[in-house]
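The residues making up each chain are set out below.
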Amino acid sequence: MEIRKQKGKQVGRLTVTEQIDQKHQEDLQRLRGFRLLDDDFLTKCFEGDTASIELVLQIVLEKPDLKVLDVRTQVFVENLLNRSVRLDILATDSTGAKLNVEVQRSDKGAGRKRARYNSSMMDANLLKKGEDFDKLPETWVIFITENDVMGKGLPLYPVERCFL
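**Q** Describe in detail the overall build of the protein chain, supporting the description with residues and values.
**A** Assigned secondary structure in the protein chain consists of four helices and six strands. Beginning at the N terminus, the succession of helices and strands in the protein chain can be written as β-β-α-α-α-β-β-β-α-β. A globule of 164 residues ought to have a C-alpha radius of gyration of about 15 Å, yet the protein chain, at 22 Å, is considerably larger. With the principal axes as the frame, the protein chain shows a C-alpha extent of 75 × 40 × 35 Å. Of all 164 residues assigned to the protein chain, the portion counted as buried reaches 26%. Restricting to contacts in the protein chain with at least 6 residues of sequence separation, those with at least 24 account for 45%. When the accessible surface of the protein chain is totalled, it reaches about 12200 Å², and 53% of it is carbon and sulfur.

As C-alpha cells, this is what we get:
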C-alpha cells in the first residue's frame, strides 16, 4: 500500500482501489497530451490500419477513390554509404504507387529538400538490379506539419518534380 502525504505529513494509506484510480487518472492525463503529430502515437494509430491512412490520403490528395492495400509504419530505408531515412508511414495504393506520409511538429526538417531526399531514397529502393526503369512506381511524399512551414497561409502546397 502507498502512504498518503499532505504537506509532508503522513495522513493514511491508499486503498488498492484508490491506487488504481490514481494510476488511471495519471494515464488519462498522459493520453490527453497525445496528438497524431507525435511519432509514437501516430505509429500506434496507423500501424497496419489501411482504412485510416486511406481516409487521410483521400482527403489530402483529393482522391476519393484511392484505395490503400498496405501500410507500414517507421520503415527504415538504409543507405549503406550515406544518410538513411526512417519513413513515418509507407503505404501502397491499388495502382502500386508508394506514398510516404511524414508528420512533423517542428518546422525544422519539414522542408522541400527532405521531401526530395525521402523521394530519392524510396526510388532507389524500389527496383531490383537490372530491372527496367519503366517498372518504377509513382511515389508521393506528403508532409503533415503543425505549422505553415512555407509561410504563405495555404493549407496545402503541391510540389512537383519537373524536368527542364
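Structure shown, so let's carry the discussion forward.
**Q** If you had to explain the environment of Arg35 to someone new, which residues and values would you point to?
**A** Inspection of the secondary structure puts Arg35 in the loop between α1 (16–32) and α2 (39–46). Among all residues touching Arg35, those that are not within four sequence positions of it are Phe41, Arg105 and Glu146.

**Q** Please set out the pattern of salt bridges residue by residue, giving values where relevant.
**A** Per the stated rule, a full pass over the model turns up five salt bridges. Across the pair Lys23 and Asp27 runs a salt bridge, and its minimum N-O distance is 3.0 Å. With Lys23 and Asp27 both in helix α1 and four residues apart, this pair spans about one turn of that helix. Taking relative accessible area as the criterion, Lys23 reaches 45% and is therefore assigned partly exposed. Between Asp27 and Arg30 there is a salt bridge, with the nearest N and O atoms lying 2.4 Å from each other. Here the residue Asp27 and the residue Arg30 both occupy positions in helix α1, the gap between them amounting to three residues, near one helical turn. According to the relative accessible area criterion, Asp27 is partly exposed, its value standing at 26%. Take Arg30: its relative accessible area is 48%, and that puts it in the partly exposed class. Connected through shared salt-bridge partners, Lys23, Asp27 and Arg30 make up one network.

**Q** An account of the sheet that holds strand β5 (residues 98–104) is needed here, citing residue identities and associated values.
**A** Sheets are built from strands paired through backbone hydrogen bonds, the pairs being either parallel or antiparallel. One open sheet accounts for four strands, arranged β3-β4-β5-β6; its pairing is mixed. Strand pairing shows two members of the sheet lacking a second neighbour, β3 (68–77) and β6 (139–145), which therefore form its edges. Recorded for the sheet is a direction-independent mean angle of 25° between the axes of neighbouring strands. As judged from the four bridges shared by strand β4 (residues 85–93) and β5, these two strands associate in the antiparallel manner. By the bridge assignment for β5, Ala91 is matched with Leu99. Contacting β3, β4 and β5, α2 crosses the sheet at an angle of about 150° to β3. On top of the sheet, helix α3 (residues 50–60) reaches β3, β4, β5 and β6; it is set at about 95° to β3, its chief contact.

**Q** Give me the pairing of β5: which residues, what numbers.
**A** A regular strand places its side chains on the two faces of the sheet in alternate fashion. Of all seven residues in β5, seven are buried; the element is thus mostly enclosed. The alternating pattern of β5 places Lys98, Asn100, Glu102 and Gln104 and Leu99, Val101 and Val103 on opposite faces, both of which are buried. Turn length for the β4-β5 hairpin, with the two strands adjacent in sequence and antiparallel, is four residues, and the turn residue Gly96 shows positive phi of about 95°.

Reading the values: the criteria
- The written sequence of each chain sets the order in which its residues are numbered from 1.
- Totals for whole chains, interfaces and linings use all residues, but because this is a predicted model, local features are given only for residues with pLDDT of at least 70 and pairs of side-chain atoms are given and counted only at 80 or more.
- Here the side-chain values reflect all heavy atoms present in the structure, with hydrogen atoms and water set aside.
- Going along the chain from the N terminus, every DSSP run of H or I of four or more residues is numbered as a helix, and every run of E of two or more is numbered as a strand.
- Only the C-alpha atoms count toward the radius of gyration. The rule for a globule is 2.2 Å times the residue count to the power 0.38.
- The buried label applies to any residue whose accessible area, calculated with a 1.4 Å probe on protein chains only, is under 20% of its type's maximum; exposed applies above 50%, and partly exposed to all values in between.
- Note on contacts: a residue pair qualifies if any of its non-hydrogen atoms lie within 4.5 Å across the two residues.
- To be clear on the numbers: accessible area is Shrake-Rupley with a 1.4 Å probe, and residue cover counts the displayed protein chains and nothing else.
- Salt bridge criterion: a side-chain nitrogen from Lys or Arg within 4 Å of a carboxyl oxygen from Asp or Glu.
- Being paired, for any two strands, means DSSP has found at least two bridges between them.
- Comment: axis = line fitted to C-alpha atoms, over the contacting stretch for helices; angle = value between 0 and 180 degrees taken between N-to-C directions.

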